[in-house]
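Structure assessment
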Amino acid sequence: MTGKLFTKNFTLLVLGQVSSLFGNFILKFALSMYVLEVTGSAAIYAGILAIAAVPTILLSPLGGILADRANRRNIMVGLDLLTGISILCSNLLFSESNGIAVIGVLLVLLSIIGAFESPTVQACVPQMQTGVNIIKGNAIVNQVAAVAALIAPILGSLLYVTFGLKSVMTASMICFFITALFECFIKLEYTQAEYKEGIFSNVKNDFFISMRFICKEQPSILKILLLAALVSFFVMGTVMVGLPYIVRTILNMNAEYYGAAESMLGVSAILGSVAAGLLTGKLKMRKLSLVLAALGAFLVPAGIVFLVPAGTITRYVINVTAFCGVQMAACIFSIFALSYIQQKTPNHLIGKVMAYISTISICAQPIGQTIYGLLFDGLSDAVYLVLIPTGMIVCMIGLFATGFFRKLDSK
């Protein structure tokens, strides 16, 4: 029998996520605006994002091991405090002469912290929930992220335009300190792990045990992760680099238009998360291949509109609509795929497996962001040559994966 969804622990976790995600979104929005305004280059912006993602890729396995061996509540509290302190120090050191360098260092620090925090938070959901509530819990967390993505760009753009980057950094810092306060009241069962050997031997053993679980005992998990990484290479490159570049540089629109576009993506993420919650128990795994195919299909009209005579507003509306469709499909796919993995993973391995999700899914992003940054810079007069082929490739990947998802359903 499924228990209560909004327990005290889960409610505190959600409230903490509201605060931290809001702080994270307004900060990332303001930083992207500053870098694009100062440099005017998608390649430089993509390069900074790519470099900042490297620590997450390298350190996530260690973060997963820590999440399974230490008190997850204490990890979250400590890391959110450290995030707030990092933003505070960056704010104090920031100036016009060293702005890009400070932003680069801050993003790297946030990436390092995220490598340890992300698997810990993801491991908490299946520890707090059971059965179909795992899917509903993940959907709630996604909805929280979507609401933050909806509201944060609007307020972030107002703060940025009115008061500048430093005020946004201050607001973000306060959000992370509030998150740490909420997390102090979470109570999770914790059993001290035994350390029979040295720390390096324990890390090595944990790594091989979790890898054997993924590769031998549950190979379907590895296949889902590799499929997600392949799609991430194409989609994250176009969304994270392409959308701001198209709005700000190609269409030459101001920060308010970009903020509105990000907010619409937030609405789409909310709708996608709500749809995932409503489809719990109804959407079979074999249908996820169609979700992936739809994700790619939405990118095609975003490119076609640049092939036909159309005004700036028309191109803006069609591109935002297309990327909103991508966002909805991506939310549905990620929630069901993540929940499937969590349900198949025992608690003593969940942190490490969640870390591999971060590592494998993110590892394709720096390459994708760098390549797409160069593509958008080089094909700024013909962006349809980037968007249309990408959409068709992702669509075919989804259709080719039909057999794999059908086998998951049969199991």
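Reference entry: report on the structure contained in this document. Please read these numbers as outputs of a predicted model, since none were measured by experiment. (Residues numbered from 1 in each chain as written. Predicted model: local features only at pLDDT ≥ 70, side-chain atom pairs only at ≥ 80, totals over all residues. Heavy atoms only, no water.)

**A word on the environment of Val132**
Test applied: The helix and strand labels rest on DSSP assignments: H or I over at least four residues marks a helix, E over at least two residues marks a strand, and numbering proceeds from the N terminus. Buried, partly exposed and exposed residues are distinguished by accessible area as a fraction of the type maximum, computed with a 1.4 Å probe on protein chains only: under 20%, between the cut-offs, and over 50%, respectively.
When you line up the elements, Val132 lands in the loop between helix H4 (99-128) and helix H5 (133-163). Overall, Val132 belongs to the partly exposed group, its relative accessible area being 37%. With 190 residues separating them along the chain, Val132 and Ala322 place their C-alpha atoms 31 Å apart.

**Describing the nonpolar core**
Heads up, the rule is: In this description, a nonpolar core means a group of buried Ala, Val, Leu, Ile, Met, Phe, Trp, Tyr and Cys residues linked to one another through side-chain atoms lying within 4.5 Å. Any two residues whose heavy atoms approach within 4.5 Å at even a single point are treated as in contact.
Leu165, Ile341, Phe376 and Phe405 are the most contacted members of the largest nonpolar core, which totals 96 residues. For this core, the element with the most residues is helix H12 (residues 312-344), which contributes 15 residues. Residues contacting Phe405, with those up to four places away along its chain left out, are Leu227, Met285, Arg286, Leu288, Ser289, Leu292 and Phe333. With 17 residues, the next largest nonpolar core counts Leu13, Met76, Met128 and Val141 among its residues.

**So, a nonpolar patch on the surface**
Going by this rule: Patch definition: residues above 30% relative accessible area lacking any salt bridge, with like charges linked at up to 9 Å and the nonpolar side chains Val, Leu, Ile, Met, Phe, Trp and Tyr linked at up to 5 Å. Residue burial considers only the protein chains on display, and all accessible areas are found by Shrake-Rupley using a 1.4 Å probe. When a carboxyl oxygen of Asp or Glu is within 4 Å of a side-chain nitrogen of Lys or Arg, the pair counts as a salt bridge.
A cluster of nonpolar side chains, namely Val147, Ile151, Ile154, Leu155 and Leu158, defines an oily patch on the protein surface of about 390 Å² accessible area. Turning to its location among the elements, Val147 is positioned in helix H5. According to the relative accessible area criterion, Val147 is partly exposed, its value standing at 36%.

**Examining the side chain of Arg248**
Among the structural elements, Arg248 can be located in helix H8 (residues 219-250). In this view, Arg248 contacts Met33, Leu36, Glu37, Met253, Asn254, Ala255 and Tyr258; residues no more than four positions away in its chain are not counted.

**Structural notes on the pattern of salt bridges**
Pairs can form between side chains of opposite charge whenever their charged atoms are close. Scanning the entire structure with this criterion turns up 3 salt bridges. As a salt-bridge pair, Arg248 and Glu37 come within 3.1 Å of each other at their nearest N and O atoms. With Arg248 in helix H8 and Glu37 in helix H1 (residues 8-39), this residue pair connects regions lying 211 residues apart in the sequence. Residue class for Arg248 comes out buried when judged on its relative accessible area of 15%.

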